[in-house]
Amino acid sequence: MYLLATREFADLASRDEGRAIFRWLATADPGPRDLFVSAISIGIVASSIEDMPKQERGHWRRLLAEARRLFVDKNTVVPVDLPIVDTWASDLRGLEIYDEEDEGGDRFELGEGERLVIAVAIARGLTLVSQPRAYLDEICDRTTLTIVNP
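The rules behind the values
- Residues numbered from 1 in each chain as written.
- Predicted model: local features only at pLDDT ≥ 70, side-chain atom pairs only at ≥ 80, totals over all residues.
- Heavy atoms only, no water.
- Salt bridge = Lys/Arg side-chain N within 4 Å of Asp/Glu carboxyl O.
- Buried < 20%, exposed > 50% of the residue type's maximum accessible area, 1.4 Å probe, protein only.
- Helix = DSSP H or I, 4+ residues; strand = E, 2+ residues; numbered from the N terminus.
- Pairing = 2+ DSSP bridges.

Student: Could you give an account of the pattern of salt bridges, with specific residues and numbers?
Tutor: Enumeration according to the criterion identifies 7 salt bridges in this entry. Put simply, D11 and R19 hold a salt bridge, and the shortest N to O gap is 2.6 Å. Classification of R19 by relative accessible area gives partly exposed; the value is 28%. The partner of R142 in a salt bridge is E138, with the nearest N and O atoms 3.2 Å apart. Here E138 and R142 lie together in helix α7 (residues 134-142), a separation of 4 residues that amounts to about one turn. Residue R142 is classed as exposed on the basis of its relative accessible area of 52%. Salt bridges sharing partners connect three or more residues here, namely D11, D16 and R19.

Student: Talk me through the sheet that holds strand β5 (residues 147-148); I want residue IDs and the actual numbers.
Tutor: Pairing within the open sheet is parallel, and its 5 strands lie in the order β3-β2-β1-β4-β5. Two strands in the sheet have a free side with no partner beyond their single neighbour: β3 (77-78) and β5. Pairing geometry for strand β4 (residues 127-129) and β5, over 2 bridges, is parallel. Looking at the pairing, L128 lines up with I147 of β5.

Student: Which residues make up unusual backbone geometry, and what values go with them?
Tutor: One non-glycine residue, D29, lies in the positive phi region at around 50 degrees. With phi around 60 degrees, N75 is a residue other than glycine that occupies positive phi space. Position of N75 relative to the elements: it lies in the loop between α4 (54-73) and β3.

And the structure:
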């Protein structure tokens, strides 16, 4: 069973079939109850939509609502509960995990929202569907996290 990382959930919501997530879905063909999304990822995407230019927000709000409904209808939205918080606090909290450099060459620490998404995968024993990232390799080495590259 699989948990979509926030980026992959956003890509799915975009409906842009040229994105890697759509090729992966066609190849992996997960069952209707084998693909999950964290409530945290839904919130992160919703928050990023509010940061978009006003003229783009309505379109993206509709796309998010449709994608969200797909997971809600299948009961495959994972809420944050105490075992997830415990995993976040014990396995990920306080780790200095940096994402790759941005265009300016600056590194930035992985936010708590993304750490919680990773904690969901670990606590629920789900394989995280995510583009490769050096920090994910580090987390896999330190925890039971498994990942698959779409």
